[in-house]
Amino acid sequence: MPIDRRGTASIKWDKYKGRDVIPLWVADMDFACAPAVVEALHRRVDHPVYGYSDPPAELAGTVVAYLQREYAWKIEPDWIVWLPGLVVGLNVVCRAFGEPGDDVLTATPVYPPFLSAPLNSARNAIRVPMSVENGVWRWDIAALERAVTPRSRLLLLCNPHNPVGRVFSREELRSVADVCERRDLALCSDEIHCGLILDPDKPHVPVASLGDNIARRTVTLMSASKTFNLPALGCAYAIASNPELRATIRKAMAGIVHHVGMMGYIATLAAYRDGKEWQLALLDYLRGNRALVEREIGRIPALRIWHAEATYLSWIDARALPINNAQEFLEEAGVGLYDGALFGAPGFLRLNFACPRALLEQALERISRALSHL
């Protein structure tokens, strides 16, 4: 049963309040949370005191077990640093490494906070364009090598990648890690979409699991929020095996980053402990939506779409359209997509297909009809 999110102060839906525009832009899902999460939150709400809260005693152990079970990645509970959001983590890490005026490297296109977080800390955001080889987006390792300077301190990695939907292979990650090790760069890996692998033959590999050498210089950022649709509850975490890195992160957080709210802790615990059945059903539904989007967009000659190996996001090249701004044009046609310029890729679009299929079909029909008139 579709859930009407209008009138709930939803960023996604209120952007087009009062307009007949289907919002497929910001990355949250139009699906109800896992029942186990809702039930756990109800139980806590029934206790009518909402004071300051530490993480539940069993939460760190549940995260450790979850990462071992899902990715064969063995971590220790004291490697975890709790954060009120993954974007907070990106900004903290940029602040933690180097000095004002130093360089932070990342591959574009990429999730917009990868480009803004360095600037917020008076660092330079150095963009290394990805390459497309045989229809697949890849890190351009030669370009990355050329971009490293004596002022380079940190590399930001997005894996699985937002917006191009790649699940980087062990070999690809090893190539990135090798550059970090040889050029003495810290590595921050955003792995928030790791629970949204759509191609079963492409397992997620945490970059810090490649070996002790890269783990010593890596901060991994994770959260249950994308997989289990919990972004408003504000709970994420950094993982760093190196105690010096953890101390550096905590120093950068001091006096600025507030603690996680108790509802975020409780939702994360319930999701990781009891949400697997719901997650598997979600992935099956998303695969159906992905197939629909890739088929219908693929039929439009002026658009090019890439196969999403993970996430619920499709990346579309609209540069061949005879219009100046595809995002604005389609918004006028009743579909709200994300402008690729914000990802460092003008002329591209990002489409969020995590919504009821009937709504997605309606949006795709509007896109097809609008572009057919061109």
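Quantities reported herein were computed from a predicted structural model and do not represent experimental measurements.

Draft legend 1. Main features of the overall build of the chain. Summing up its helical and strand segments, the chain has 14 helices and 15 strands in all. Computed over the C-alpha atoms, the radius of gyration of the chain is 20 Å, within 12% of the 21 Å expected from 2.2 N^0.38 for a compact globule of 374 residues. Principal-axis analysis of the C-alpha atoms places the extent of the chain at approximately 60 × 55 × 40 Å. Per-residue burial for the chain yields a buried fraction of 57% across its 374 residues. For the chain, restricting intrachain contacts to residue pairs at least 6 apart in sequence, the fraction spanning at least 24 positions comes to 74%.

Draft legend 2. Representation of the pairing of strand β15 (residues 348-352) within the structure. For β15, a buried count of 5 out of 5 residues is recorded, marking the element as mostly surrounded by other parts of the structure. Because side chains alternate across β15, one face comprises the buried residues F348, R350 and N352, and the other comprises L349 and L351, equally buried. Pairing of strand β12 (residues 313-317) with β15, which is carried by 5 bridges, proceeds in the antiparallel orientation. Looking across to β15, one finds that W315 is bridged to R350.

Draft legend 3. Geometry of the sheet that holds β15. Taken in spatial order, the 4 strands line up as β11-β12-β15-β14 in an open sheet, and their pairing is antiparallel. Lying at the two open borders of the sheet, with one neighbouring strand each, are β11 (304-305) and β14 (338-339). In this sheet, β15 lies alongside β14 in antiparallel orientation, the contact comprising 2 bridges. Note on β15: the bridge partner recorded for Y338 is R350.

Draft legend 4. Inspection of the nonpolar core at higher detail. Judged by nonpolar contacts, the single largest core of 72 residues is most densely connected at L67, L351 and I367. Those residues in contact with L67 that sit more than four places away from it in its chain are A72, W73, I75, M222, Y237 and I239.

Draft legend 5. How the structure looks around the pairing of strand β4 (residues 124-129). In the sheet, strand β3 (residues 103-108) pairs with β4 via 6 bridges, with the strands oriented parallel. Counted as the bridge partner of T106 is R127 from β4. Between the parallel pair β3 and β4, the chain is carried across by helix α5 (residues 113-120), and the sense of this crossover is right-handed.

Draft legend 6. Quick look at the sheet that holds β4. The strand order across the open sheet formed by 7 strands is β2-β10-β9-β8-β7-β3-β4, and the pairing between neighbours is mixed. Both outer strands of the open sheet, β2 (80-83) and β4, are each paired with one neighbouring strand and no more. Going across the sheet, the axis of each strand differs from the next one's by a mean of 25°, ignoring polarity. Summarising the sheet, strand β7 (residues 152-158) and strand β8 (residues 186-190) pair through 5 bridges and their orientation is parallel. The residue bridging L156 from the neighbouring strand is C188, located in β8. Sheet contacts for α5: β3, β4, β7 and β8; angle to β4, the most-contacted strand, approximately 155°. With respect to the sheet, helix α10 (residues 243-253) is in contact with β2 and β9 (218-222), its orientation differing from that of β2 by roughly 20°.

Draft legend 7. Structural context of unusual backbone geometry. Note that the residue after T108, namely P109, is joined by a cis bond; omega there is 5°. Turning to its location among the elements, P109 is positioned in the loop between β3 and α5. With an omega of 25°, the peptide bond between N162 and P163 qualifies as cis. By the secondary structure assignment, P163 is in the loop between β7 and α7 (170-182). The phi angle at A72 is positive, at roughly 55°, despite the residue not being glycine.

Draft legend 8. Just the packing of helix α4 (residues 86-96) against α5, in detail. Viewed as axis vectors pointing N to C, α4 and α5 meet at an angle of 40°, and their least axial separation amounts to 8 Å. In terms of orientation, α4 lies oblique with respect to α5. The element α4 and its partner α5 pack so that their crossing is right-handed. Residue-level inspection shows V87, L90, N91 and C94 of α4 in contact with α5, the latter providing P113, F114, A117, P118 and N120. When grouped by side-chain class, the residues that make up the contact of α4 with α5 number 7 nonpolar, 2 polar and no charged.

What counts and what doesn't
Residues numbered from 1 in each chain as written. Predicted model: local features only at pLDDT ≥ 70, side-chain atom pairs only at ≥ 80, totals over all residues. Heavy atoms only, no water. Helix = DSSP H or I, 4+ residues; strand = E, 2+ residues; numbered from the N terminus. Rg over C-alpha atoms; globule rule 2.2 N^0.38 Å. Buried < 20%, exposed > 50% of the residue type's maximum accessible area, 1.4 Å probe, protein only. Contact = heavy atoms within 4.5 Å. Pairing = 2+ DSSP bridges. Core = buried A, V, L, I, M, F, W, Y, C linked by side-chain atoms within 4.5 Å. Right-handed = clockwise from strand over helix to strand, strands pointing away. Axes fitted to C-alpha atoms, helices over the stretch in contact; angles between N-to-C directions. Parallel < 35°, antiparallel > 145°, perpendicular 65-115°, else oblique. Left-handed = near helix turned anticlockwise from the far one by under 90°. Nonpolar A, V, L, I, M, F, W, Y, C, P; charged D, E, K, R; others polar.

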